[in-house]
Amino acid sequence: MLTQSSNRLNNLLVPILSIILGFIFGALLMLVFGYNPILAYQAMLTGVFTSPYFFGEALRQATVLTFTGLGFAIAFKAGFFNIGIAGQVLVGWVSAIWVALAFPDLPRIVLVSLSLLAGVVAGSIWAGIAGALRAYFGTNEVIVTIMLNYTALHVTNYLIRNVLGTGNTTERVGENASLRLDWLTSLTAGSRLNLGFFIAIIVVVLYWIFMTQTTAGFEVRAVGLNPYASSYAGMSAAKNIILSMVISGALAGLGGAIHGLGTFGNIFTQSGLPHVGFNGIAVALLGLGNPIGIFFSSILFGVLDVGAGFLPNRAGVPDEMASIVIAAIIFFVGANYLIRFFLDKVQTNKQATEGGE
Amino acid sequence: MTMIKLRSLLALGTSAFVLAACQGQDAGDTTDTIEDDTEDTATDNGEDTAADNGEDNGDETEEIDFRIAMITDEGGVDDRSFNQSAWEGMNEWADNIGASEDNYAYYQSNDSADFIPNLNQANAEGYDIIYGIGFMLLDAVNDVAEQNPEQNFGIVDAISENDNVVSLTFRDHEAAFLAGVAAAETTETGRVGFIGGIAGEVIDRFQTGFEAGVAHVDESIEVDVQYAESFSDAGIGQQIAAGMFANGADVVYHAAGAVGNGVFTEARNRLESDSDTQIWVIGVDRDQEEEGNWDGGNFTLTSTLKGVGSSIEASANQTIEEGFPGGETIAYGLEEEGVDVTRGNMSDEAWDAVEEARQLILDGDLEVPEFTYSQE
């Protein structure tokens, strides 16, 4: 019990300390290079928080990151490193746009649901491939998902060029597939914040319920903690591996669909994998796999992302500094794993020697 | 438990690699629609005329009251290629007319989702012209231009229909044609290579021009064409180049931005391991002679040049002097000195042939085909 409460404290402390250390590290680096860190952070924060437009954009960015973060987190809980989030985002994005373009005349509620569903299905199939290979053949999911990322990239580009559109972009989807909420758009002075934000909040709650209140969620966690003990306890490892990967891909695919319909309204040939996929991994690590934590880390990342744009022109600081701060935060989260690893080890050693007396 | 944590650490490291590998550099570049009835109104204003647009603020009469901004595509402003040339052009513009640092700025897009916020941010700062660098920004520029009809915009490598947008396009096929002539005059194996970035209209122009240039000299020379489907992955560039050189090609032209770095690496490796073979690389967008330095000399045959920077400079000056050419498409070709090739390390014979072909194009005696696959 005692260790649990100290764990809980650690769980809150680790990300908060990492964020603070990340910002301090960024400030030191700016000082070294002769920039003014106070001015930089001020430009960033006032830029985002004093303008409804840019705050809306930050939340829009946070929306997608919430999905990719949750997607990564669930596979991670089950003990898998789904680095294929970016590819699953992409297949979700292209499928949602495809459906939206194919049935432009359906009523809005039907078309939006159908398009989002298409994204969910595509994403879950894409991740399910890696899950099934892992479950039945023991294939390393990191390698499979990395390869599937590139497959997704090139398949998507092929579809855009040859099936969905001509050249490097598709048509915009019609009004009926739009996630735009007029009151939200006018509230945020024309930003692209959309319905997806509320879907994200609902999904955060559902994720929490699934993981903590259902048997399936318990099994996923149990497999993650100890696959051998779980199968000894009668849980099917294969089923849980596939299930966690499928949900992971579904969340990423939904994120991609919302990114596509909400942010862009179309899809264009990609020169690389979407950054939201990889940033989702960072978000999940910072949120330590907790859905509420992930939600708030996404908002932090959204603010940093959008605020970065203000650095060069308002503070004379290169906007790469924001990426460095993000990287530093992730580094400190990662370093904390290391610190905790040693702490754990010391503790268990102590316990072991005490127990041996 | 600890096993999983170890694994997650390991995976964190892996992800860092992947993250690093995924930082897209979008050089070279591609476009969308292009029309042939473009108005060739390119003016090359070399004169150092200051702004006299009447809006001088009282305090400092000499102050130039004209400000421009650019929004990069996914490659950064320091991508050594496309975006960088635009930014260098803006710096030059400011130097030439004596503008201060406050008169020009760039907004970096790290992701395509950043285009619209960046445009809006620049719009809020009240620049006279905001340039979108690269066809990828076409949709975003159109959206923001429609919402802000009073603001002037520019788009490079694509054509916008909006009245408050000036479109700056390039006849890259003309420069690529000359590169093709140079390659055909230089090859000894009768086989040359072309490496494209992402297939699309702009790179189609490069490919078509290059192939036509080679055929112009000698129809029997074979051209290997391959696309990297990237503008950033040097590894793929090296792989493709290795295949081409192994297949007997001795001149490779790349129109693929940072992918080309791999082409240069492969050529250097081959020359350093066997200095008797003679192979050449042709650079793109800016003079890439530096990239071709090796112990035994330089293997950059020539580079095709694309004057993104000077097109921005020219359109800004035109706006100051005559007003904003909104809704117009300004196409830059050999004639307007918007595209060209460098002398590089061409033999006299090859250079003569290039000069001759250039003259034919300039005189209108030779029409360089523009598209192979993208205009069906």
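Residues numbered from 1 in each chain as written. Chains lettered and ligands numbered in written order. Predicted model: local features only at pLDDT ≥ 70, side-chain atom pairs only at ≥ 80, totals over all residues.

A. Local environment of the overall build of chain B. In terms of regular secondary structure, chain B is built from 10 helices and 14 strands. Taken over 376 residues, chain B has a buried fraction of 57%. At a minimum sequence separation of 6, the contacts of chain B that also span at least 24 residues come to 73%. (Helix = DSSP H or I, 4+ residues; strand = E, 2+ residues; numbered from the N terminus. Buried ≥ 20, exposed ≤ 12 C-beta atoms within 10 Å, placed from the backbone. Contact = placed C-beta atoms within 7 Å.)

B. Broad picture of the overall build of chain A. The helix and strand tally for chain A stands at 15 helices and zero strands. The buried share among the 357 residues of chain A stands at 56%. In chain A, of all internal contacts separated by at least 6 residues, the share reaching a separation of at least 24 is 79%.

C. Representation of the domain arrangement of chain B. All names here are of chain B. What the domain assignment lists for chain B is domain 1 (68-170 + 307-332) and domain 2 (172-299 + 345-362). A straight line from the C-alpha centre of domain 1 to that of domain 2 covers 30 Å. Taken residue by residue, the interface counts seven residues in domain 1 and six residues in domain 2. For the side of domain 1 that touches domain 2, the per-class residue count stands at three nonpolar, two polar and two charged. (Domains from an automatic or database assignment. Nonpolar A, V, L, I, M, F, W, Y, C, P; charged D, E, K, R; others polar.)

D. Expanded view of the sheet that holds strand 2 (residues 104-107) of chain B. Residue and element names in this part refer to chain B. Spatial ordering of the open sheet is given by 2-1-3-4-5-13, a layout of six strands whose pairing is parallel. Sheet topology places strand 2 and strand 13 (329-332) at the edges, where each strand pairs with a single neighbour. Here the strands of the sheet are splayed against their neighbours by 20° on average, with no regard to which way each runs. Two strands pair when backbone bridges link them, and strand 5 (residues 165-170) and strand 13 are joined in this way by four bridges, in the parallel orientation. Bridging from a neighbouring strand, F170 pairs with Y332 of strand 13. Most of the contacts of helix 4 (residues 138-147) go to strand 4 (residues 152-156), to which it runs at about 170°, and overall it touches strand 3 (129-132), strand 4 and strand 5. (Pairing = 2+ DSSP bridges. Axes fitted to C-alpha atoms, helices over the stretch in contact; angles between N-to-C directions.)

E. Structural detail: helix 2 (residues 82-97) of chain B. Residue and element names in this part refer to chain B. Over its 16 residues, helix 2 runs 23 Å from end to end, which matches the ideal 22 Å to within 8%, given 1.5 Å per residue. Looking at the buried side of helix 2, the elements it contacts are strand 1 (68-71), strand 2, strand 3, strand 4 and helix 9 (308-322). In the segment just after helix 2, G98 is the residue with positive phi, at about 75°. (Expected span 1.5 Å × (residues − 1).)

F. Spatial organisation of helix 12 (residues 275-286) of chain A. Residue and element names in this part refer to chain A. For helix 12, with 12 residues, the first-to-last C-alpha span of 17 Å sits near the 16 Å given by 1.5 Å per residue. Of all 12 residues making up helix 12, 12 are buried, and the element is well covered by its neighbours. If you check which residues of helix 12 are buried, you get H275, V276, G277, F278, N279, G280, I281, A282, V283, A284, L285 and L286.

G. Quick peek at the sheet that holds strand 6 (residues 191-196) of chain B. Residue and element names in this part refer to chain B. If you walk across this open sheet you meet the six strands as 7-6-8-9-12-14, and the pairing is mixed. At either end of the open sheet lies a strand with only one pairing partner, and these are strand 7 (222-227) and strand 14 (339-341). Averaged over all pairs of adjacent strands, the angle between their axes in this sheet comes to 15°, without regard to strand direction.

H. Spatial organisation of the packing of helix 4 (residues 85-102) of chain A against helix 5 (residues 108-137) of chain A. All names here are of chain A. It is at 7 Å that the axes of helix 4 and helix 5 come closest, and there the two elements cross at 145°. Relative to helix 5, the crossing made by helix 4 is right-handed. Two secondary-structure elements touch here, helix 4 through G87, Q88, V91, G92, W93, S95, A96, W98, V99 and A100 and helix 5 through L111, L114, S115, L116, A118, G119, A122, G123, W126 and A127. Of the residues belonging to the contact of helix 4 with helix 5, the class tally is 13 nonpolar, seven polar and no charged. (Left-handed = near helix turned anticlockwise from the far one by under 90°.)

I. Local environment of unusual backbone geometry. With a phi angle near 55°, A189(A) is a residue other than glycine that sits in the positive phi range. With respect to the helices and strands, A189(A) occurs in the loop between helix 7 (182-187) and helix 8 (196-213). Residue A189(A) is classed as partly exposed on the basis of its C-beta count, with 14 C-beta atoms lying within 10 Å. For D285(B), which is not glycine, the phi torsion reads 70° and is therefore positive. Tracing the backbone through its elements, the reader meets D285(B) in the loop between strand 9 (280-283) and strand 10 (293-294). A tally of 28 C-beta atoms within 10 Å means that D285(B) is categorised as buried.

J. Local environment of the nonpolar core. Core analysis: the largest hydrophobic core is formed by 117 residues, its most contacted members being A40(A), F67(A), L90(A), A96(A) and L311(A). Not counting residues within four places of it along the chain, the set of residues in contact with A96(A) comprises S115(A), L116(A), A118(A), G119(A), A257(A), G260(A) and L261(A). I133(B), V141(B), A184(B) and F210(B) belong to the second-largest nonpolar core, a separate cluster that totals 107 residues. (Core = buried A, V, L, I, M, F, W, Y, C linked by C-beta atoms within 7 Å.)

K. How the structure looks around the packing of helix 5 (residues 172-186) of chain B against helix 10 (residues 348-362) of chain B. Residues and elements named next belong to chain B. Relative to each other, helix 5 and helix 10 sit at 150°, their axes nearing to 9 Å. Put simply, helix 5 runs roughly antiparallel to helix 10. With respect to the hand of their crossing, helix 5 and helix 10 are arranged in right-handed fashion. Taking contact as the criterion, the partners of E174, F177, L178, V181, A182, E185 and T186 in helix 5 are, on helix 10, E349, A350, A353, V354, A357, R358 and I361. (Parallel < 35°, antiparallel > 145°, perpendicular 65-115°, else oblique.)

L. How the structure looks around the environment of T66(A). Residue and element names in this part refer to chain A. In this structure, T66 sits in helix 3 (residues 52-77). Along the sequence, T66 and V91 sit 25 residues apart, while their C-alpha atoms lie 18 Å from each other. Other than its neighbours up to four places away in sequence, T66 contacts A200, V204, I294, F295 and S298.

M. Representation of the environment of F55(A) in the model. Tracing the sequence through the fold places F55(A) in helix 3. With near-sequence residues (within four places) excluded, F55(A) lies in contact with V48(A), F49(A) and T188(A).

N. Representation of the pairing of strand 7 of chain B. Residue and element names in this part refer to chain B. Inspection of the sheet shows strand 6 paired to strand 7 by six bridges, in the parallel sense. Paired with F194 across the strands is V225, a residue of strand 7. A crossover links strand 6 with its parallel partner strand 7, the connecting element being helix 6 (residues 201-217), and its sense is right-handed. (Right-handed = clockwise from strand over helix to strand, strands pointing away.)

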